[in-house]
Structures are given as C-alpha cells and as structure tokens.
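# Remarks on the overall topology
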Amino acid sequence: MASADKVPMLAEGHRKLSEQLKVLKAERPSIVDAIEEARAHGDLSENAEYHAAKERQGQIEASIADIEDQLSRALVIDPSTLSGDKVVFGATVTLVDEDDKKVKYQLVGQVEADARDGKISFNSPLGRALIGREVGDEVEVSTPSGDRYYEIEQVDFI
C-alpha cells in the first residue's frame, strides 16, 4: 500500500492520527505480555488466548504501519491560508439541494471524513463533484438512493 503520493489532511486530522499512533504503540507491551502469559499455558496448537493475542498483535502492527505511512506522506493544509471562489481541499461549502434545504460540508482527507460532523472526503462522489466548482454552479451527484442536485451557495476557508 505504500505509495509516494502525498496524503492531504488538515492539521486536526494529522493530530488525531498522531494520537492514535501513540495509543497503538502504548498497547504493544501489554500484547507481548499477553502472548507470554498464554505461551506459559502450554500447548499452543489449542491455545485460544495465544492465538487471539497473536492476532491482535498483527492487527496493531498493521495499523501502526498504515498510520506511519500516512503521516510520512501527509501534506498538512491550513484552510485559513486559502482564498478564492473555487472549491478546493479544505474549503467549507454551503450547498442548497433541490428541496431548498441547506447543507454545509468541509472537504477533508479520507482519514478525517465524518459526514455526521460535516466533513466529507475530497474523494467521495460529492467531494469530486465539488472540486474546482464555484459559487452558483450546480452539481449532480449519483448516490445509492438516486441522483442528487445541489447548487453551491457559498465557499469559505475557515
């Protein structure tokens, strides 16, 4: 999965990933202890505790490697330093749907996306449709529940 591509993210997303990495690294010693304790119980072929601990160790190591890779390729972007009329990574976009209902989303990296919190990935269908557009543009997005239409009402960099 390692790639030379930069991973755009906001400073908040970088901080959260760094904290998650610290937590995972802090869990390493307890997993090693659990493996040693399970190993002391004898026959490893039928030792469920040993196999569970080894599986958890594998999951932690894979997560650590993935997060370290993302952090090493991170391109931290501060939206407050951006300006303009076009929708770009980090922009907060106010949209009006076909029912005149307003929604507001910030375009963020994949690791920090949370639609309930108003943060969508720039790689999501809506994110891709918005990138490069400006106020007044209409966008069409295909969703599982059918096509949705939005008009860009406002672009902010906060």
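None of the values given here were measured: they were computed from a predicted structure.

Taken N-terminus to C-terminus, the directions of helix α1 (residues 11–39) and helix α2 (residues 48–72) make an angle of 155°; their axes are 9 Å apart at the nearest point. Between α1 and α2, the angle falls in the class roughly antiparallel. Here the hand of the crossing between α1 and α2 comes out left-handed.

This part is about the environment of Ser-63. For Ser-63, the location among the structural elements is in helix α2. Between the C-alpha atom of Ser-63 and that of Lys-25, which follows or precedes it by 38 residues, the distance is 9.9 Å.

A word on α1. In a regular helix each residue adds 1.5 Å, so 29 residues correspond to 42 Å; α1 covers 42 Å between its end C-alpha atoms and thus fits that length. Within the span of α1, buried status applies to Gly-13, Leu-17, Leu-21, Leu-24, Ile-31, Ile-35 and Ala-38. Where the residues of α1 are buried, they touch β1 (7–10) and α2.

Annotation of the protein chain at the domain level lists domain 1 (7–77) and domain 2 (79–157). Relative to domain 2, the C-alpha centre of domain 1 lies at a distance of 34 Å. Each side of the interface is counted separately: domain 1 has 8 residues, and domain 2 has 11 residues. Around 740 Å² of area is buried between domain 1 and domain 2 when both sides are counted, 73% of it from carbon and sulfur atoms. Taken as a group, Pro-8, Leu-10 and Ile-77 account for 66% of the area that domain 1 buries against domain 2, more than any other trio of residues on that side. Seen at the junction of domain 1 and domain 2, the total is 1 salt bridge. With its nearest N and O atoms 3.7 Å apart, the salt bridge here joins Glu-12 to Lys-119.

Moving on to the pairing of β1. Neither face of β1 is exposed, since Val-7 and Met-9 on one face and Pro-8 and Leu-10 on the opposite face are all buried. One ladder, built from 4 bridges, connects β1 with strand β2 (residues 74–77); its direction is parallel. Looking across to β2, one finds that Val-7 is bridged to Ala-74.

Rules of the game
- Residues numbered from 1 in each chain as written.
- Predicted model: local features only at pLDDT ≥ 70, side-chain atom pairs only at ≥ 80, totals over all residues.
- Heavy atoms only, no water.
- Axes fitted to C-alpha atoms, helices over the stretch in contact; angles between N-to-C directions.
- Helix = DSSP H or I, 4+ residues; strand = E, 2+ residues; numbered from the N terminus.
- Parallel < 35°, antiparallel > 145°, perpendicular 65-115°, else oblique.
- Left-handed = near helix turned anticlockwise from the far one by under 90°.
- Expected span 1.5 Å × (residues − 1).
- Buried < 20%, exposed > 50% of the residue type's maximum accessible area, 1.4 Å probe, protein only.
- Contact = heavy atoms within 4.5 Å.
- Domains from an automatic or database assignment.
- Buried area = accessible area lost by both parts, 1.4 Å probe.
- Salt bridge = Lys/Arg side-chain N within 4 Å of Asp/Glu carboxyl O.
- Pairing = 2+ DSSP bridges.

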